[in-house]
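One letter stands for each residue in the lines below.
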Amino acid sequence: EVIVPSWRQDIHCMADLAEEVARFYGYDVIPTSLPTGEATTGKLSFKLRVEEVARKIAEFSGFSQSMTYSFESPKVFDKLMLPADSGFRNAITISNPLGEDFSIMRTLPLNGMLTSLSTNYNRRNKDVRLYELATIYIPKELPLAELPDERQQFTLGMYGSGDFYTMKGVVEEFFDKIGMKKKPHYNPEAGKAFLHPGRQAEIIYDETSVGYLGEIHPDVADNYKLGEKTYVAVLDMPSILPNATFDHKYTGIAKYPAVTRDISMVMKKEILAGQVEDIIEQRGGKILESYKLFDIYEGSQITAGYKSIAYSITFRANDHTLEDKEVNTVMNKILNGLQGLGIELRS
């Protein structure tokens, strides 16, 4: 027996009544008219536009889309080497699961990604890159008293050609395309147990954590039977959306020539490239146009515990041609700031 909702019955009755009135009145008497209405142009919401950019950037960078289950096994937490007191272990248990392997709602997107990469690796596929717009489910309290926090996370995973910096480049390209023009910072003390302790970073944008990236911990890689270095990046979309914009401001072609200076520096390994770049930005002033890291060297020609890095710095003024005196003044400010970190120019 099919039960029809009362509101559907009302609609059917109104349609039947209108048909009877038209039949008695006479179809030939009713004048012909075109339907009226307002035509609107369909468009994606802001959130969907950002997701579309995420897909395009990933696919342009060689990543293929992956789709994995939101249901997982509690054993996942041990495979990812999460501490016993990790908040990610507080997962929602499903009342009627298909089995233990699908008995909880995921709190991390990594198990599905690593499982997919493992499947490809064990089928001898080389240079695999996958991405997923995965939803995780974070309960506000357990047992559940209200709906959990459902967060979409842009997840990238790869092995084969490419490394930490390849993944970092994909992340920054995504930021650039959705209007996040400020410089992201990378905190090496991300504290993710499933990532290599010396090759991971928390992604900070405008003093807000928006995700993390790094190399999978060797023990975790073994748990997933991954025989190559594997890299992942996870971006939290709800944290990213407030910083994204598709409003672009046009700037004309520069009328005056640029001046470029290259500097090569020797510093302790503990000093981050981001610290150097912060000083360049802070002391470069209005004439600083851009800078680019083009060399990192560690070897026999450098003292143990130190490294050499080199930057190309470009200056330009919008209203006049720069003179050497102006550029030298700014360069001295930059060099003085670098010396404060114990950095020396390489002879």
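Conventions adopted
- Residues numbered from 1 in each chain as written.
- Predicted model: local features only at pLDDT ≥ 70, side-chain atom pairs only at ≥ 80, totals over all residues.
- Heavy atoms only, no water.
- Helix = DSSP H or I, 4+ residues; strand = E, 2+ residues; numbered from the N terminus.
- Expected span 1.5 Å × (residues − 1).
- Buried < 20%, exposed > 50% of the residue type's maximum accessible area, 1.4 Å probe, protein only.
- Arc of directions from axis to C-beta.
- Contact = heavy atoms within 4.5 Å.
- Pairing = 2+ DSSP bridges.
- Axes fitted to C-alpha atoms, helices over the stretch in contact; angles between N-to-C directions.
- Phe/Tyr/Trp six-rings, centres within 6.5 Å; stacked < 30°, edge-to-face > 60°.
- Core = buried A, V, L, I, M, F, W, Y, C linked by side-chain atoms within 4.5 Å.
- Salt bridge = Lys/Arg side-chain N within 4 Å of Asp/Glu carboxyl O.
- Patch = residues over 30% accessible without salt bridge, like charges linked within 9 Å, V, L, I, M, F, W, Y side chains within 5 Å.
- Areas by Shrake-Rupley, 256 points an atom, 1.4 Å probe, with all protein chains shown as cover.
- 1 Å grid on protein atoms, 1.4 Å probe; cavity = no way out; pocket = protein on both sides within 12 Å on 5 of 7 lines; lining within 4 Å.
- Points joined across faces, edges and corners; volume = space filled by probe spheres on them.
- Nonpolar A, V, L, I, M, F, W, Y, C, P; charged D, E, K, R; others polar.

## Examining helix α2 (residues 46–60)
- With 15 residues, α2 should cover 21 Å at 1.5 Å per step; its first-to-last C-alpha distance of 21 Å lies within 8% of that length.
- Listing the buried residues of α2 in full gives V50, E51, V53, A54, I57 and A58. Viewed along the axis of α2, the buried residues span an arc of 155°, placing them on a single side of the element. Turned more than 90 degrees off the buried face of α2, the exposed positions are K56 and F60.
- Its buried side turned inward, α2 meets β4 (129–138), β5 (149–159), α5 (164–177) and α7 (237–240).

## Things to note about the sheet that holds strand β12 (residues 306–315)
- Strand order in the open sheet made by the four strands is β11-β12-β10-β13, with antiparallel pairing throughout. Every other strand in the sheet has two partners, leaving β11 (288–297) and β13 (344–345) as the edge strands with one partner each.
- Against the sheet, helix α8 (residues 273–284) contacts β10 (259–268), β11 and β12, and its axis sits at roughly 30° relative to β12.
- Sheet strands touched by helix α9 (residues 324–339): β10, β12 and β13. Its angle to β10, the strand with the most contacts, is close to 15°.

## Re the sheet that holds strand β8 (residues 208–216)
- Here we have seven strands laid out as an open sheet, ordered β1-β4-β5-β9-β8-β7-β6, and mixed in their pairing. For this open sheet the edge positions go to β1 (64–65) and β6 (185–187), each flanked by a neighbour on one side alone.
- Two strands pair when backbone bridges link them, and strand β7 (residues 195–205) and β8 are joined in this way by seven bridges, in the antiparallel orientation. Its bridge partner lying in β8, A201 is registered against L213.

## Focus on the packing of aromatic side chains
- One pass over the full model with this rule turns up ten aromatic pairs.
- With 6.3 Å between their ring centres and 80° between their planes, Y131 and F154 make a pair best called edge-to-face. Here the residue Y131 occupies a position in strand β4, and F154 occupies one in strand β5, the gap between them amounting to 23 residues. Of the two residues, Y131 and F154, both sit in the buried class.
- Ring centres of F154 and F174 lie 5.2 Å apart, and the angle between their planes is 65°; this geometry places the pair in the edge-to-face category. On the criterion of sequence distance, the pair formed by F154 in strand β5 and F174 in helix α5 is long-range, its members being 20 residues apart.

## Let's talk about the nonpolar core
- Counting 32 residues, the largest nonpolar core has F154, L156, F174, F175 and I178 as its most contacted members.
- If you list the elements that add at least two residues to this core, you get α2, β4, β5, α5, β7, β8, β9 (230–236) and α7.
- With six residues, the top contributor of residues to this core is α5.
- Ignoring anything within four residues of it in the chain, the contact list for F154 reads A54, A58, Y131, E132, L133, F174, A233, V234, L235 and M237.
- If you look at the next biggest cluster of nonpolar residues, it comprises 24 residues, including F77, L114, V128 and V220.

## Focus: the pattern of salt bridges
- Under the criterion given, the structure shown has 18 salt bridges.
- The partner of R316 in a salt bridge is E289, and the shortest N-O contact between them spans 2.6 Å. Here R316 is found in the loop between β12 and α9, whereas its partner E289 is found in strand β11, with 27 residues between them in sequence.
- Given the relative accessible area of 40%, E289 is considered partly exposed.

## Notes on a nonpolar patch on the surface
- A surface patch of nonpolar side chains, about 430 Å² in accessible area, is lined by Y25, Y27, V29 and I30.
- In this structure, I30 sits in the loop between α1 (6–25) and α2.

## Points about the layout of surface pockets
- Computed from the structure, the largest pocket encloses a volume of approximately 1300 Å³.
- Along the walls of the largest pocket sit 40 residues, with F164, Y165, K168, Y186 and A273 positioned nearest its centre.
- Breaking the lining of the largest pocket down by element, the ones donating at least two residues are α5, β6, β7, α8, β11 and β12.
- Space inside the second largest pocket adds up to approximately 250 Å³.
- As for the second largest pocket, its lining consists of 14 residues, of which E72, V76, D101, N111 and T115 are closest to the centre.
- For the lining of the second largest pocket, the element with the most residues is helix α4 (residues 110–122), which contributes four residues.
- By residue class, the composition of the lining of the second largest pocket is four nonpolar, six polar and four charged.

## Some points on the pairing of β10
- Inspection of the sheet shows β10 paired to β12 by ten bridges, in the antiparallel sense. Across the sheet, M267 pairs through a bridge with K307, a residue of β12.
- The pairing of β10 with β13 spans two bridges and is antiparallel. Opposite M265, over in β13, you have L345 as the bridge partner.

## Structural notes on α4
- If you check α4, its first and last C-alpha atoms are 18 Å apart, about what 13 residues at 1.5 Å a residue would give, namely 18 Å.
- Those residues of α4 not exposed but buried are L110, N111, G112, M113, L114, S116, L117 and S118.
- Count one or two residues on from α4 and you reach R124, which has phi positive near 65°.

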